[in-house]
Amino acid sequence: MELALLTDLYQFTMAYGYWRSGRHREAAEFELFFRDAPFQGGFTIYCGLEESLNFLKDFGFSRADTKYLRSVMPRTVEEGFFHYLETVDAAEVTVTSFPEGSVVFPREPLMKVRGPLLVVQLLETTLLCLVNYASLVATNAARFRLAVGPEKRLLEMGLRRAQGPDGGLSASKYSYVGGFDCTSNVLAGKRFGIPVAGTVAHSYVTSFSSIDEVQRSALQPAGGQGKEVDFLELSRTCLEKVCQLLKRPPHSTNTGELAAFISYAIAFPLSFLVVVDTYSVMMSGVPNFCAVALALHQLGYRAVGVRLDSGDLARQSVEIRKIFRLCAERFDVPALETLSIAVSNNISEKSLKLLSRAENEINVIGVGTHLVTCTLQPSLGCVYKLVQVNDQPRMKLSEDQEKATIPGSKTIYRLYDGSGKF
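These numbers come from a predicted model, not from an experiment.

The rules behind each value
Residues numbered from 1 in each chain as written. Predicted model: local features only at pLDDT ≥ 70, side-chain atom pairs only at ≥ 80, totals over all residues. Heavy atoms only, no water. Helix = DSSP H or I, 4+ residues; strand = E, 2+ residues; numbered from the N terminus. Rg over C-alpha atoms; globule rule 2.2 N^0.38 Å. Buried < 20%, exposed > 50% of the residue type's maximum accessible area, 1.4 Å probe, protein only. Pairing = 2+ DSSP bridges. Contact = heavy atoms within 4.5 Å. Axes fitted to C-alpha atoms, helices over the stretch in contact; angles between N-to-C directions. Right-handed = clockwise from strand over helix to strand, strands pointing away. Core = buried A, V, L, I, M, F, W, Y, C linked by side-chain atoms within 4.5 Å. UniProt positions renumbered as here; feature names shortened; annotations may be inferred. Phe/Tyr/Trp six-rings, centres within 6.5 Å; stacked < 30°, edge-to-face > 60°. Expected span 1.5 Å × (residues − 1).

Points about the overall build of the protein
No. 1: Looking only at helices and strands, the protein features 15 helices and 15 strands.
No. 2: Relative to a compact globule of 422 residues, whose C-alpha radius of gyration would be 22 Å, the protein shows 29 Å and is clearly more extended.
No. 3: Oriented by its inertia axes, the alpha-carbon framework of the protein measures out at about 90 × 55 × 35 Å.
No. 4: Within the protein, the proportion of its 422 residues that are buried is 51%.

Quick notes on the sheet that holds strand S3 (residues 94–97)
In a beta sheet, neighbouring strands are held together by backbone hydrogen bonds and run either parallel or antiparallel to one another.
No. 1: The strand order across the open sheet formed by five strands is S3-S5-S1-S14-S15, and the pairing between neighbours is antiparallel. Lying at the two open borders of the sheet, with one neighbouring strand each, are S3 and strand S15 (392–393).
No. 2: With two bridges joining them, strand S14 (residues 383–389) and S15 adopt antiparallel strand pairing. Its bridge partner lying in S15, Val389 is registered against Gln392.
No. 3: Contacts from helix H6 (residues 124–148) reach strand S1 (27–33), strand S5 (111–116) and S14 within the one sheet, and its direction differs from that of S14 by about 135°.

A word on the sheet that holds strand S13 (residues 364–367)
No. 1: Across the sheet, which stays open at both edges, the six strands sit in the order S7-S6-S13-S12-S11-S10 with parallel pairing between neighbours. The sheet is open, and its two edges are formed by strand S7 (182–183) and strand S10 (273–275), each paired on a single side.
No. 2: Bridging between strand S12 (residues 340–343) and S13 involves two bridges; their strand directions are parallel. Each residue of the ladder has a partner; that of Ala342, found in S13, is Val364.

Concerning the pairing of strand S11 (residues 305–308)
No. 1: Pairing of S10 with S11, which is carried by three bridges, proceeds in the parallel orientation. Paired with Val274 across the bridge in S11 is Val306.
No. 2: Regarding the hand of the β-α-β motif, the stretch spanning S10, helix H12 (residues 281–298) and S11 is right-handed.
No. 3: Here S11 runs beside S12; their pairing, made up of four bridges, is parallel. Along S12, the bridge assignment pairs Leu308 with Val343.
No. 4: At this point the chain moves from S11, through helix H13 (residues 313–330), to the parallel S12, and the crossover so formed is right-handed.

Focus: unusual backbone geometry
No. 1: Even without being a glycine, Lys247 presents a positive backbone phi close to 60°.
No. 2: Note on placement: Lys247 falls in the loop between helix H10 (231–246) and helix H11 (255–267).
No. 3: A residue is classified by how much of its surface remains accessible, and Lys247, at 76% relative accessible area, is exposed.

Some words on the nonpolar core
Considering soluble globular proteins, one finds that nonpolar side chains tend to be buried as a cluster.
No. 1: Counting 127 residues, the largest nonpolar core has Phe59, Phe81, Leu123, Phe231, Phe272, Phe289 and Ile365 as its most contacted members.
No. 2: Looking at this core, the element that brings in the most residues is H6, giving 13 residues.
No. 3: In this structure, Leu123 is in contact with Phe55, Leu56, Phe59, Val93, Val113 and Tyr384, ignoring residues within four places of it in sequence.

Quick word on the UniProt feature "domain: Nicotinate phosphoribosyltransferase N-terminal" (unreviewed entry) in the protein
No. 1: Under the present numbering, the feature "domain: Nicotinate phosphoribosyltransferase N-terminal" (unreviewed entry) in UniProt falls on residues 5–132.
No. 2: Taken end to end, residues 5–132 has its terminal C-alpha atoms 18 Å apart, with 42% of it in helix and 16% in strand.

Here's the deal with the packing of aromatic side chains
No. 1: Tallied over the entire structure, the rule returns 17 aromatic pairs.
No. 2: Arranged with centres 5.6 Å apart and planes meeting at 70°, the rings of Phe12 and Phe61 form a pair that is edge-to-face. Of the two residues, Phe12 sits in helix H1 (residues 9–20) while Phe61 sits in the loop between helix H2 (49–58) and helix H3 (63–72), which places them 49 residues apart along the sequence. Like Phe12, the residue Phe61 is buried in the burial classification.

As for helix H7 (residues 164–177)
No. 1: Spanning 14 residues, H7 covers 20 Å between terminal C-alpha atoms, matching the ideal 20 Å at 1.5 Å per step.
No. 2: Against H2, H6, strand S6 (153–156), S7, helix H8 (186–192) and helix H15 (369–372) lie the buried residues of H7.
No. 3: Immediately beyond the C-terminal end of H7, within one or two residues, lies Gly179, with a positive phi of roughly 125°.

A look at the side chain of His24
No. 1: On the secondary structure map, His24 appears in the loop between H1 and S1.
No. 2: Classification of His24 as buried rests on a relative accessible area of 15%.

Notes on H13
Turn by turn, an α-helix covers 3.6 residues, leaving residues three or four places apart pointing in a common direction.
No. 1: Helix length check: H13 (18 residues) gives 26 Å between terminal C-alpha atoms against 26 Å at 1.5 Å per residue, within 8%.
No. 2: Where H13 is concerned, the buried positions are Leu313, Ala314, Gln316, Ser317, Val318, Ile320, Arg321, Ile323, Phe324, Cys327 and Ala328.
No. 3: Buried-residue contacts for H13 involve H10, H12, S11, S12 and helix H14 (349–357).

Shown next, in the form of structure tokens:
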């Protein structure tokens, strides 16, 4: 029930004013809406309804809640008010809303909240909190999806940059609603059923400095058939072949990186995807990866792909795909040609559009900071305004014309042209 206290103090001072004047039971209606679409765009993805309904279901004040309120409100507040609050719930509140995930537009009531004046007033701040960020990040995610098109996979990976644990979980959930395919956030995967994905970081690669650090080098062929093979030696043999094909000097790649790749492949032979830009992408990372991927193939496994986290992502992806095709043809392993190329590196909507316009061979794009923090616009700006009391319209006038409200309860219509467009 503590979520009922997740609000501004002035909600309680107004509630007391209603109660003290005997108006707390009057029928009222509020509307929750925004004035301008975010990111200078033309639409918003409405989210936060599920959490709002859960909040209303559990809304109420415990004795501990009212004890705290007594300590922060003026001493002139009558004791009867706090006793009344302990009886308050949202049983008489009705909500009319767009479905979760709807495309919505400025000044439309996303949510119409009706009920006793005191109660629906107390709901304002919490409902705004639950809808504002959820809708903003879902809209941001949808814009990333529109920028990249339907073919490429989008991975949300912004937890480490999010505004706290709650922001991180909300970002993962509503990025998925907005069009992302998966998240790196394990807790979000558990709570919301979102597919989770992840690979290996540069720290794993740099933790190895020598082949000697691969202490367990045996790997059994796929399907559990046959004896274990010395995978380290098999990978080194494959590396010699790859370097010869790519016309690289023998043993020119970073041996610590090779050790890391071999170690990771032994641990995850069915999901081998590694970052290849720890040292040099073309001189070390890609040859080392191709060698280990080829070794896995010889044992009946299939590598997944590589990840890039720096440099010219589009150009490098094209160069890497050429090498994959070359290896696929030379070693007669067609699967190598279609290996996945994943990229990350502080990707924004703007950089994603540039990336999409350039020739590229990218399959997966990981987005973090610019997605979860909504750097182009940090707040949607939803408001919650009273539009009628006892079926009588109420209107706010303002020195700023844009802040004036449209009085009365409303019905939303969607108008379409002959081709089915808005």
